[in-house]
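Okay, here's what each chain looks like letter by letter:
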Amino acid sequence: CAPDFIMICETFINDSNAGFFSIKGYNFIEKHRAYTTGGGVALYVKDKFSYKIRDDLTIFHEGQFESLFIEIDLNNRNKKLFLGEIYRVPNTSQSDFIDKYRSIITKIGKSDLVIGTDQNLDLIKSGSDSNIQDFLNLNYSNGIIPLISKPTRITHASATLIDNIYTNVNNYTRVKSGIISADISDHLPIFTFFDKVTNSKENKTPLIFQFRK
């Protein structure tokens, strides 16, 4: 499996190791901290895609709200695709995170977007936490849906849903998302696949109606 895009949080990249993480067939884009260790966000984009970095959407407040956004030309579609990764550092202001997130999706508007997050907001607690309710309502009111619904960080004492993929893309026949059981980190990797829409009548299975006299 060679996904078109890979999004990563908490890269721990710094000035001395930033050139060590290339993958053949992908362009690598990243933002890392200048003054402290940890954190950082990165994107791998298959080299068949043309893209540009959107500094106007990228908010990088070190140790608080760390993000990276690009605009992708998919060639076969009229709309651009905005791809972004956001990391909310634990124990930072939830309301500030929501405000910054709102400013980004407001700028993107109705264009297609896919956003990966390590938001450190446990969506399982949405019924009892007003900030999480506000965050979900903000997404829903803009036609943006979270695609992951099961815990992404599991320990012997807890299971939290703090990583997700958000999208407003709805012109595909099927979207399949899930969690990968892998111990690459203390968070489980998540994924989503978008099946392409086909307008060919030849590929459509005809409806067959059966009825009694």
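Here the residue numbers are simple positions, counted from 1 along each chain's written sequence. With pLDDT at 70 or above as the cut-off, local features in this predicted model cover only qualifying residues; side-chain atom pairs require 80 or more to be listed or tallied, and sums for whole chains, interfaces and linings still use all residues. Derived side-chain values reflect all non-hydrogen atoms in the structure, with water molecules and hydrogen atoms excluded from consideration.

> Outline the side chain of Glu30, listing residues and values.
We count a stretch as a helix when DSSP gives it H or I for four or more residues in a row; a strand needs E for two or more, and each element gets its number in order from the N terminus. Within the fold, Glu30 resides in strand S2 (residues 26-31). Here's how the labels work: a residue is buried when its accessible area is under 20% of the maximum for its type, exposed when over 50%, partly exposed in between, all with a 1.4 Å probe on protein chains only. A residue counts as positive if it is Lys or Arg and as negative if it is Asp or Glu; His and the chain ends are not included. Salt bridge criterion: a side-chain nitrogen from Lys or Arg within 4 Å of a carboxyl oxygen from Asp or Glu. Although buried, Glu30 forms no salt bridge, and the nearest oppositely charged side chain, Lys31, lies 8.0 Å from it. Ignoring anything within four residues of it in the chain, the contact list for Glu30 reads Ile13, Ala18, Val41, Ala42 and Leu68. Note on contacts: a residue pair is in contact if any heavy atoms of the two residues lie within 4.5 Å.

> How would you summarise the packing of aromatic side chains if you had to cite specific residues and measurements?
Any two rings among Phe, Tyr and Trp, with Trp reduced to its six-membered ring, count as a pair given centres within 6.5 Å; such a pair is stacked if its planes are under 30 degrees apart, edge-to-face if over 60, and tilted if neither. Throughout the structure, instances matching the rule amount to 11 aromatic pairs. Relative to Phe97, the ring of Phe65 has its centre 5.6 Å away and its plane inclined at 40°; by these criteria the two rings are tilted. Taken as a pair, Phe65 in strand S6 (residues 65-73) and Phe97 in helix H1 (residues 94-108) lie far apart in primary sequence, 32 residues in all. No difference in accessibility class separates Phe65 from Phe97, as the two residues are buried.

> Go over the packing of H1 against helix H2 (residues 130-141) with me, naming the residues and quoting the values.
Taken N-terminus to C-terminus, the directions of H1 and H2 make an angle of 5°; their axes are 10 Å apart at the nearest point. Taken as axis vectors, H1 and H2 run roughly parallel relative to one another. For the pair H1 and H2, the contacting residues are Gln94, Ser95, Phe97, Ile98, Tyr101, Arg102 and Ile105 in the first and Asn131, Asp134, Phe135, Leu138 and Asn139 in the second. Following the grouping adopted for this structure description, the nonpolar residues are Ala, Val, Leu, Ile, Met, Phe, Trp, Tyr, Cys and Pro, the charged ones are Asp, Glu, Lys and Arg, and the polar ones are all others, Gly among them. Among the residues forming the contact of H1 with H2, the class breakdown is six nonpolar, four polar and two charged. In this description, a line fitted to the C-alpha atoms serves as the axis of each element, helices being fitted only across the stretch in contact, and the angle between N-to-C directions of two axes falls anywhere from 0 to 180 degrees. Working rule for angles: under 35 degrees goes down as roughly parallel, over 145 as roughly antiparallel, 65 to 115 as roughly perpendicular, anything else as oblique.

> So, the pairing of strand S7 (residues 81-88): which residues are in play, and what are the values?
Within S7, eight of the eight residues are buried, leaving the element largely enclosed by the surrounding structure. The alternating pattern of S7 places Leu81, Leu83, Glu85 and Tyr87 and Phe82, Gly84, Ile86 and Arg88 on opposite faces, both of which are buried. Alignment of S6 against S7, held across eight bridges, turns out to be antiparallel. Pairing of Ile72 across the sheet is with Leu81, part of S7. Two strands pair if DSSP finds at least two bridges between them. In terms of strand pairing, S7 meets strand S8 (residues 112-118) through seven bridges, oriented parallel. Bridged to Glu85 within S8 is Gly116. The path from the first strand over the helix to the second decides the hand: if it runs clockwise while the strands point away from the viewer, the crossover is right-handed. Handedness of the crossover is the feature at issue here: the chain leaves S7, passes through H1, returns alongside S8, and the resulting connection is right-handed.

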